[in-house]
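The chain contents come next:
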Amino acid sequence: EDKVVQSPLSLVVHEGDTVTLNCSYEVTNFRSLLWYKQEKKAPTFLFMLTSSGIEKKSGRLSSILDKKELFSILNITATQTGDSAIYLCAVFLYIGSARQLTFGSGTQLTVLP
Amino acid sequence: EAGVTQFPSHSVIEKGQTVTLRCDPISGHDNLYWYRRVMGKEIKFLLHFVKESKQDESGMPNNRFLAERTGGTYSTLKVQPAELEDSGVYFCASSQVGGSGANVLTFGAGSRLTVL
């Protein structure tokens, strides 16, 4: 069965800290790995990773994929209270003509002032 | 650009009743997906439309769930009759067909369903 595992499940830090969120996967028919941020309602897209070793960066957030070891990390530097959210990792699978995202359980990040 | 819109945001019904959830995807997005998160679990795939056709409905839990997308625009997800275990948040997502954008799903805010 396809599986995406995120760690830690929750994390509490103070503003200014750097955090690393982990995502490992065991899936067949891997196509890409996506990170989403969910604050109150809709998950919002952060990054899509398809190739190993190429870092994607957006402001204080960055992410990288290792397709050999089957994991990805999401880094957030100089955290702010607005970074508090659930961070979701999902793997996009192509199974014939079917297209599915398989999600991890998420990491709940709390940034204290 | 308007995002993915879902209605209602929250529905409370009794066991045995019927509920219909609606999703309006981003205009021009032919891919439309339904996902669900039940309490304490991860978000799970339900089904995938390409335009009005069901591409993959392998995630639908049972025949009490019926999804439609007549005309290839908005979609509805009907639960009839609802059971307690159907409680959760139902997310809709859409994406364009083709290119790397096909893998980037834009999610709606979700419809929270509570079955009493």
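Everything discussed here concerns the structure shown above.
What counts and how
- Residues numbered from 1 in each chain as written.
- Chains lettered and ligands numbered in written order.
- Predicted model: local features only at pLDDT ≥ 70, side-chain atom pairs only at ≥ 80, totals over all residues.
- Heavy atoms only, no water.
- Helix = DSSP H or I, 4+ residues; strand = E, 2+ residues; numbered from the N terminus.
- Buried < 20%, exposed > 50% of the residue type's maximum accessible area, 1.4 Å probe, protein only.
- Contact = heavy atoms within 4.5 Å.
- Areas by Shrake-Rupley, 256 points an atom, 1.4 Å probe, with all protein chains shown as cover.
- Lys, Arg positive; Asp, Glu negative; His and termini not counted.
- Charge placed at Lys NZ, Arg CZ, Asp CG, Glu CD.
- Buried area = accessible area lost by both parts, 1.4 Å probe.
- Salt bridge = Lys/Arg side-chain N within 4 Å of Asp/Glu carboxyl O.
- Polar contact = N/O pair within 3.5 Å; in protein donor to acceptor, adjacent residues only side chain to side chain.
- Nonpolar A, V, L, I, M, F, W, Y, C, P; charged D, E, K, R; others polar.
- Pairing = 2+ DSSP bridges.
- Axes fitted to C-alpha atoms, helices over the stretch in contact; angles between N-to-C directions.

Moving on, we get to the overall build of chain A. Helix and strand counts for chain A stand at zero helices and eleven strands. In chain A, the succession of helices and strands from N to C terminus is β-β-β-β-β-β-β-β-β-β-β. Taken over the C-alpha atoms alone, chain A extends approximately 50 × 30 × 20 Å along its principal axes. The 113 residues of chain A split such that 44% are buried. Of the contacts made within chain A by residues no fewer than 6 positions apart, 54% connect residues no fewer than 24 positions apart. Carbon and sulfur atoms provide 51% of the accessible area of chain A, an area that totals close to 5,500 Å². Taken as two groups, the 11 positive and 10 negative side-chain charges of chain A have centres that lie 7 Å from each other.

Now for the interface of chain A and chain B. Contacts between chain A and chain B engage 22 residues on the former and 20 residues on the latter. When chain A packs against chain B, the two sides together hide about 1,700 Å² of surface, and 58% of this comes from carbon and sulfur. Counting across the chain A and chain B interface gives zero salt bridges. Linking chain A with chain B are seven residue pairs in polar contact (both at pLDDT 80 or more), by the criterion used here. Every element with two or more residues in the side of chain A that touches chain B is listed here: strand 4 (30-38), strand 5 (44-49), strand 9 (85-95) and strand 10 (98-103) of chain A. Among the residues making up the side of chain A that touches chain B, the classes are represented as twelve nonpolar, six polar and four charged.

This part takes up the sheet that holds strand 7 (residues 65-68) of chain B. All names here are of chain B. Overall, antiparallel pairing links the four strands, which are arranged 1-3-8-7 in an open sheet. The open sheet has two free edges, formed respectively by strand 1 (5-7) and strand 7, since each of these has just one partner strand. Going across the sheet, the axis of each strand differs from the next one's by a mean of 15°, ignoring polarity. Strand direction decides the pairing type here: strand 3 (residues 19-24) and strand 8 (residues 75-79), joined by five bridges, are antiparallel. Bridge pairing links Val 19 to Val 79 in strand 8.

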